[in-house]
Structure formats: structure tokens, C-alpha cells
Amino acid sequence: MSDSVELMPAVILAGGYATRLRPLTDHIPKALIDIGGRPFLWHQLQLLRRNGIQRAVLAVGYLGEQIQQRFGDGSLEISIDYSFDGPLPLGTAGAIRKALPLLPERFFVLYGDSYLTCDYRSVEAAFRRSGLPGMMTIYRNEGLLDSSNVEYDGTRIVRYDKTNRTPSMRYIDYGLGVFHRDVFASIEAGERSDLADIYQDLLTAGKLAAFEVHERFYEIGSPEGLRDTIEFLRRSQS
């Protein structure tokens, strides 16, 4: 895939309540947490743009209007569309289902509190080669950054479970997925659904590809993760 080819758009799941970061997020969503004088989402969008992604769809919920007011329809040469959960949280997969009218056949999905420095172009190319409707990126974690939840044999994911973990789980879901829209089309409109269940269903059906990345992930979903991310961004931008 040529470096000049525009990559698929990215869905950013930014609708959570951010309870682990309160009181910091009592009045603002995680996406607007200040890091180095800029909202976290600014850093995230800049990272995507540098990697060739030119369009993002923000799936928002809690205080999502603040995000829309701050970023409008685009910044940093990346266009932005918004999909709001509505009166009730839809869950991560339900939010993607609601955003489908804004999406093409294939797209990336990442969380609104993650900063992922992997090679997105290589991820997309591997997804297209796989011919499968879904792909999970994985990182060899060895239980260090968070609890590992993936058994991987070097070619395919053998087991994925965020609840019932085993000693053989040396990898972790990196937080970047790639999907064909058909994966979410069967979810009823307004139905609450979790992305982890979608991954599990694809794995059971033999329709989930895997791509191992080698760059650690950063996140702001916890106080510890926020500190690590602030320090990483400070070093990388100094």
C-alpha cells in the first residue's frame, strides 16, 4: 500500500464516564483533559493524521457536547464527524452500530483514552490481506502494563477473555481494531453491546485476524496511565 494512499477512517470511542479519573472528570470528558497545554484528543488526532488517517468519527456520550464545541468539524487537517449515544449508553459496540451511517465498508476502531504509536498503514494492509471481517491488534505484554488477556500462537489468537484469564495469556488486546461494517449491522438499533463480545464472537467463528504490534500502548483511563502518558508526550515533544 503506497504511503500516498489515504487510510481508512478511525472511530474513536469517547463516550465513557471516566469514573476512575474523578474528580478530574467531574465536569469535562477524558478527551479534554489537558496535557501540555492541549486536550488529550488534540494529541490523539495529531497522531492519527501523522499516520495517514484523514477522517475520524467520534462516538461520544458523557459531556460529548463539550468535545464538539471544542473541536468542531475538524482540526489538524483531519475531518471530524460525531455520533452521539443518546439518552442511554450504548456500550462500545452499540456506539459503533449507531455510527455506521457515517462509515464506509472498513474502518479502524480505537478507544478515546488510548495513544497508540503503531504503524497504522501496516495494520490496514494486514487486515485487507486477511480477507476476514475483523482484526485485533495485540501486544506481548507479559502482564506488565495491564492484565494480559490473549493467548496467541504466533499466527492466530487461540483464546481471548477479559474476565477468565489464564497463565498462557502473554499478550493483550492493544486497543486498535479493524472491522468491516457488516460485523455491527446485526446489532439492533439502540441495543447496548460491548466490543469485547464482538471480538469473542468473531474468534469463535474463525473470522478474527490478528496483528502483533511491538510498540507499547499509552492510555489515560487510569491515574497511573495518565501519568505515564503525560511523561511520554513530554519526552517525545521536547
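These figures come from a predicted structure and were not determined experimentally. (Residues numbered from 1 in each chain as written. Predicted model: local features only at pLDDT ≥ 70, side-chain atom pairs only at ≥ 80, totals over all residues. Heavy atoms only, no water.)

Participant: Can you walk me through the pattern of salt bridges in this structure?
Facilitator: In a structure, side chains of opposite charge can pair up when their charged atoms sit close to one another. Going through the model one piece at a time under the given rule, you end up with 11 salt bridges. For Glu-105, the salt bridge is made with Arg-106, and the minimal N-O distance between the two is 3.4 Å. A salt bridge links Arg-128 to Glu-124; the shortest N-O distance between them is 3.0 Å. Here Glu-124 and Arg-128 lie together in helix α4 (residues 120-130), a separation of four residues that amounts to about one turn. One network of salt bridges, with partners in common, ties together Arg-140, Glu-142 and Arg-170. (Salt bridge = Lys/Arg side-chain N within 4 Å of Asp/Glu carboxyl O. Helix = DSSP H or I, 4+ residues; strand = E, 2+ residues; numbered from the N terminus.)

Participant: Help me out: how do you make sense of the environment of Asp-73 in this one?
Facilitator: Relative to the elements of secondary structure, Asp-73 occurs in the loop between α2 (64-71) and β5 (74-75). In this structure the C-alpha to C-alpha distance between Asp-73 and Pro-89, which are 16 residues apart in sequence, comes to 23 Å. The contacts of Asp-73, once residues within four sequence positions are left out, are Ser-79 and Ile-80. (Contact = heavy atoms within 4.5 Å.)

Participant: What exactly am I supposed to notice about the packing of aromatic side chains here?
Facilitator: Two measures describe an aromatic ring pair: the distance that separates the ring centres and the angle between the ring planes. Scanning the entire structure with this criterion turns up 11 aromatic pairs. Judged by centre distance (5.1 Å) and plane angle (75°), the rings of Phe-179 and Phe-184 are edge-to-face. What makes Phe-179 buried here is its relative accessible area of 0%. Measuring from centroid to centroid gives 4.1 Å for Tyr-218 and Phe-232, while their planes differ by 20°, and the two rings are stacked. Residue Tyr-218 is found in strand β14 (residues 217-219), and its partner Phe-232 is found in helix α7 (residues 223-236); the two are separated by 14 residues along the sequence. Pair check on accessibility: Tyr-218 and Phe-232 agree, each one buried. Over the aromatic face of Phe-71 sits the side chain of Arg-70, whose NZ or CZ is 5.0 Å from the ring centroid. (Phe/Tyr/Trp six-rings, centres within 6.5 Å; stacked < 30°, edge-to-face > 60°. Buried < 20%, exposed > 50% of the residue type's maximum accessible area, 1.4 Å probe, protein only. Lys NZ or Arg CZ within 6 Å of the ring centre and 35° of its normal.)

Participant: Help me understand the pairing of strand β4 (residues 55-60) in this model?
Facilitator: For a regular strand, side chains alternate in direction, first toward one face of the sheet and then toward the other. Counting buried positions over the six residues of β4 gives five, a clear majority of the element. The pairing of strand β1 (residues 10-14) with β4 spans five bridges and is parallel. Opposite Leu-13, over in β4, you have Ala-59 as the bridge partner. By the bridge criterion, six bridges tie β4 to strand β6 (residues 78-84) in an arrangement that is parallel. Bridge assignment links Ala-56 to a residue of β6, and that residue is Ile-80. (Pairing = 2+ DSSP bridges.)

Any functional reading would require information beyond the geometric quantities listed.
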